[in-house]
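Reading the structure
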Amino acid sequence: MSAPTTRPAGIAKSAGTAKSTGPSPSTGPARSARSGGSVRGNVRGRSHLIGAWLITLAFILPVYVAFVSAFKKQDQIVSNPAAPPIPFTFDNIADALSRPDHLVQAGLLNSIMVTTATLVILVPLSSMLAFYISERTPRVKGALLAVFALGLMVPPQVVLLPIVTLLRSIGLANSYAGLILSNVGGGYLSFAVFVYVGFLRTIPREVIEAARMDGAGDLRLWWRIVFPVVRPATATVGIFLGLWVWNDFLNPQFILGPLQGQTITTGIYVSLGAYSTDYSQLFGIMFLAAVIPVVGYLVSQREFIHGLMSGASK
C-alpha cells in the first residue's frame, strides 16, 4: 500500500503565488481601455452640456435684457443693461401709453386687424388648396407642390417692389387692404399649403371615400370632415403665420407708408429718435408689442396639444 504523495510546502506556495500574480481581465488592458473610454465619454458629455447652456444663454439673454429694461429707468438701462429692475417701475409702460400721438394704441389695433384678417383668409384658403392638391394624381400633385415651393424659395425682399407697383396700379397702395392682400400670397400661403398637405397624408382614405359614398360634395366634405380633422395643422399654421405677420416690418413700412398709419413694428421704428433715444419708453413699447403675440401663442399651443390628444384618442 503506497503512501499518499504530498507536495512540498515551498512548491505549493510558489504555485499559488504564480497563480495569483497572473494576468487578470479586471486589471489588464481591457479595463484601461474601458476606463479611458468612460473618461472620454464624460468629457464629451460635459462639453456638450456646456455648449448647450451657452447656446441657451445666447438666446435667453436678449429676451431677458428687453424684459427687465421695460421696468427700469433710463440711467439704469444705460449703466447696466443686465441688472435686475431695482427699483421696479411701471413708468415706462405708462409713458408709452400716454404718448400724444397714440402710437401704441393705434399700432396694436392695426396689427391686430391685419394679423386677424390675414389668418381669416389664409387658413381656410390654404386648407382648401391642400385638400384639392391631395385629391389629385401623383403627377399633378407633384407639379402643384413645385409651384407652391417657388413661394418659399423666393425671398420676400425680392418681390417687394413689384408688389408695391402692382398694388399702386390697382389702387390699393397705401391701404390696409393692399397690405392684407400682399400677406395672403407668397411664402405665407405656400408654407400653410405644405403644412396641410403633409397632415392630410395621415387621414385614412376610407373616411373620405365613405363621405363621398354618402353623397357629400367637395365643399361639404372639406367643411364637415377635413377641416375639423386638421385642427392641429390649423393651430400650427395659426401660430407661425400669426407671429410672422405680427412681426413683419418691410411690408407695412413700404405698402402702408408713413401717412396711412403704422403697425406696432413700424411704430417701434418711429419711436426711435434721430439723435437720441429714450430707451426706457422704447422698451416699454416693445413689452406692450410682445404681450399679445405671447398670449396668442400660449393659447394656440394649448389648442394644438388638445387637437393632438383628441386625434390620438379617436
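See the structure shown above.
An account of the accompanying structure is given in this report. (Residues numbered from 1 in each chain as written. Predicted model: local features only at pLDDT ≥ 70, side-chain atom pairs only at ≥ 80, totals over all residues. Heavy atoms only, no water.)

A closer look at a nonpolar patch on the surface
Let me state the cut-off plainly: Residues form patches when they are more than 30% accessible in relative terms and have no salt bridge. Like charges link within 9 Å. Nonpolar side chains (Val, Leu, Ile, Met, Phe, Trp, Tyr) link within 5 Å. Note on areas: these come from Shrake-Rupley sampling with a 1.4 Å probe, and a residue is covered only by the protein chains present in the view. By convention in these notes, a salt bridge is any Lys or Arg side-chain nitrogen within 4 Å of a carboxyl oxygen on Asp or Glu. Each helix is a run of H or I in the DSSP string that is no shorter than four residues. Each strand is a run of E no shorter than two, and both are numbered from the N terminus.
Where nonpolar side chains cluster on the molecular surface, the patch consists of Ile 55, Phe 59, Ile 60, Leu 61 and Tyr 64 and spans about 530 Å² of accessible area. Relative to the helices and strands, Tyr 64 resides in helix H2 (residues 29-69).

Overview of the nonpolar core
Which entries qualify depends on this criterion: We define a nonpolar core as any set of buried Ala, Val, Leu, Ile, Met, Phe, Trp, Tyr and Cys residues linked to one another through side-chain atoms lying within 4.5 Å. Only protein chains enter the accessibility calculation, which uses a 1.4 Å probe; a residue is then buried when its area is under 20% of its type maximum, exposed when over 50%, and partly exposed in between. We call two residues contacting when some pair of their heavy atoms lies within 4.5 Å.
Judged by nonpolar contacts, the single largest core of 38 residues is most densely connected at Phe 131, Tyr 196, Leu 200, Val 230 and Leu 241. A total of eight residues in this core trace back to one element, the largest contributor, which is helix H9 (residues 187-200). Beyond its immediate sequence surroundings of up to four residues, Leu 241 is in contact with Leu 119, Leu 122, Tyr 188, Phe 191 and Ala 192. Listed in part, the 16 residues of the second largest apolar core include Ile 93, Ala 96, Leu 282 and Phe 283.

Focus on the packing of helix H5 (residues 103-134) against helix H8 (residues 176-184)
As a reminder of what qualifies: Axis geometry follows a simple rule: fit a line to the C-alpha atoms, using only the stretch in contact for helices, then measure angles between N-to-C directions, giving values from 0 to 180 degrees. By the definition adopted for this analysis, an angle is roughly parallel if under 35 degrees, roughly antiparallel if over 145, roughly perpendicular if from 65 to 115, and oblique otherwise. Should the near helix be turned anticlockwise from the far one by less than a right angle, the crossing is termed left-handed; should it be turned clockwise, right-handed. All residues other than Ala, Val, Leu, Ile, Met, Phe, Trp, Tyr, Cys, Pro, Asp, Glu, Lys and Arg, Gly among them, are scored as polar; the first ten of these are nonpolar and the last four charged.
One can describe the packing of H5 onto H8 by two numbers: an axis separation of 9 Å at closest approach and a directional angle of 40°. As summarised for this structure, H5 and H8 are arranged oblique, according to the angle between their axes. Crossing geometry of H5 relative to H8 is assigned as right-handed. The residues of H8 that touch H5, namely those facing Asn 110, Met 113, Val 114, Ala 117, Thr 118, Ile 121, Leu 122 and Leu 125, are Tyr 176, Leu 179, Ile 180, Asn 183 and Val 184. When its residues are assigned to classes, the contact of H5 with H8 shows ten nonpolar, three polar and no charged.

Considering the packing of helix H6 (residues 138-153) against H9
Between H6 and H9, the shortest axis-to-axis distance is 7 Å and the interhelical angle comes to 140°. The orientation of H6 with respect to H9, classified from their angle, is oblique. In terms of crossing hand, the pair formed by H6 and H9 is left-handed. Here H6 contributes Lys 141, Leu 145, Phe 148, Ala 149, Gly 151 and Leu 152 to the contact with H9, which in turn contributes Gly 187, Leu 189, Ser 190, Phe 191, Val 193, Phe 194 and Val 197.

As for the side chain of Thr 89
This is how it is decided: Polar contact is defined as a pair of N or O atoms within 3.5 Å, subject to the rule that within protein one atom must be able to donate a hydrogen and the other to accept it, and that residues adjacent in sequence are counted only when both atoms are side-chain atoms.
Along the polypeptide, Thr 89 turns up in the loop between helix H3 (74-79) and helix H4 (91-97). A distance of 3.1 Å separates the side chain of Thr 89 from the backbone nitrogen of Asp 91, its partner in a polar contact.

Quick notes on the side chain of Thr 234
Counting through the fold element by element, Thr 234 comes out in helix H12 (residues 231-247). With near-sequence residues (within four places) excluded, Thr 234 lies in contact with Val 123, Tyr 196 and Phe 227.

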